[in-house]
Amino acid sequence: DWPPVTGARGRLLVDGPVTRVQLDQGDLLGSRIRDVRVNVRPGADGRRVAVAGRVDSDLAAVLRFVNGSPLARITRGALREWRGSGPVGLDLDLDLPLARPPTPETARIDVRAELAGNQLSLGGLGITLDGLGGALDYGMDGGLSSERLDASLWGRPAIARIGPSPERKSAMRI
């Protein structure tokens, strides 16, 4: 189940089988959402939901959302042990089936996260990135990617680029 939005202010339009929501503001697990458009409509594979908008949040709240929603299935729980803090701005563009888990063939998930001065601990790996900054993108077909992330790792400056591994389709290269 998707976590509920609280403190919502916006408009709701029901037009036959289509439901549209223009959300001016709200709260989603501690994340401030604004200027969000949601459309629930019939599709060839059952009902679908499309979501586009902006979320201003904290990295800890974003990780809670991913791990507490159907997105945890997509990440296969890989982020379950991650911990983070610091501001995050998210731009979302999603189109998902409601009746079954999303796949690259049935869904579109495009998310861009702008990080600035974040801290990220990667679970049992013993890796903590401090001062993490840059843009991080996620798409169903391309996975996780970034042209450039800056951070401090073990007290030293680090620059990372993330993209798909040419050797293994299900792997990424950092």
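Per chain, residues are indexed from 1 in the order of the written sequence. A pLDDT threshold of at least 70 governs which residues receive local features in this predicted model, and a stricter bar of 80 or more applies before side-chain atom pairs are shown or counted, although totals over entire chains, interfaces and linings include all residues. Heavy atoms from the whole structure form the basis of all side-chain values; hydrogens and water molecules are not counted.

Looking now at the overall build of the protein. Each helix is a run of DSSP H or I of at least 4 residues and each strand a run of E of at least 2, with the numbering of both proceeding from the N terminus. In terms of regular secondary structure, the protein is built from two helices and 11 strands. Its helices and strands in sequence order give the protein the pattern β-β-β-β-α-α-β-β-β-β-β-β-β, from N to C terminus. Our radius of gyration is a C-alpha quantity, and the globule rule it is checked against amounts to 2.2 Å times the number of residues to the power 0.38. Rg of the C-alpha trace for the protein: 17 Å, near the compact-globule value of 16 Å for 174 residues, within the 12% margin. Based on the C-alpha atoms only, the size of the protein along its principal axes is roughly 60 × 35 × 25 Å. Among the 174 residues that make up the protein, the fraction classed as buried is 36%. In the protein, once contacts between residues fewer than 6 apart in sequence are set aside, the share between residues at least 24 apart is 40%. Of the roughly 10,400 Å² that the protein leaves accessible, carbon and sulfur atoms contribute 55%. In this count, Lys and Arg are taken as positive residues and Asp and Glu as negative ones, while His and the chain termini are left out. In this description, the location of a charge corresponds to atom NZ of lysine, CZ of arginine, CG of aspartate or CD of glutamate. In the protein, which carries 24 positive and 21 negative side-chain charges, the distance between the mean positions of the two groups comes to 2 Å. Burial status follows relative accessibility: with a 1.4 Å probe on protein chains alone, a residue under 20% of its type maximum counts as buried, one over 50% as exposed, and anything between as partly exposed. Residues are treated as being in contact if the distance between any of their heavy atoms lies within 4.5 Å. To be clear on the numbers: accessible area is Shrake-Rupley with a 1.4 Å probe, and residue cover counts the displayed protein chains and nothing else.

Here we take up the confidence of the model for the protein. Residues with a pLDDT of 70 or more make up 95% of the protein, whose mean pLDDT is 87. The predictor rates its confidence in each residue with pLDDT, a number between 0 and 100. When pLDDT is averaged over each helix and strand of the protein, the minimum, 60, is found for strand β11 (residues 172–173) and the maximum, 94, for strand β1 (residues 6–15).

Turning next to the pattern of salt bridges. Criterion for a salt bridge: a side-chain nitrogen of Lys or Arg within 4 Å of a carboxyl oxygen of Asp or Glu. Enumeration over the complete set of coordinates arrives at 13 salt bridges. Across the salt bridge formed by D95 and R41, the nearest N and O atoms sit 2.9 Å from each other. With D95 in strand β6 (residues 87–97) and R41 in strand β3 (residues 31–43), this residue pair connects regions lying 54 residues apart in the sequence. Look at R41 and you get partly exposed, because its relative accessible area is 24%. Between D150 and R148 there is a salt bridge, and its shortest N-O distance comes to 2.9 Å. It is possible to trace a salt-bridge network through shared partners that takes in R41, R48, D93, D95, R108 and D110.

A few words on unusual backbone geometry. Where the residue is not glycine, phi is negative for most of them; where a peptide bond is considered, it is trans in most cases. Backbone geometry at L29 places phi at a positive 50 degrees, although glycine is not the residue there. Residue position: L29 is located in the loop between β2 (18–28) and β3. Positive phi, normally seen in glycine, also occurs at W154, with a value near 55 degrees. Tracing the chain through its elements places W154 in the loop between β9 (143–153) and β10 (156–164).

Here S146 shows up in strand β9. Any pair of N or O atoms that falls within 3.5 Å is considered a polar contact. Within protein, one atom must be able to donate a hydrogen and the other to accept it, and sequence-neighbouring residues count only if both atoms are side-chain atoms. Here A135 takes part through its backbone oxygen, which lies 2.7 Å from a polar atom of the side chain of S146. A polar atom in the side chain of S146 sits 3.3 Å from the backbone nitrogen of R148. If we skip the residues at most four places from it in the chain, S146 touches A135, L136, R161 and I162.

It is worth spelling out helix α1 (residues 59–67) at this point. Turning to α1, its buried residues are L59, A61, V62, L63, F65 and V66. The N-terminus of α1 is capped by D58, whose side-chain oxygen sits 2.9 Å from the backbone nitrogen of A60.

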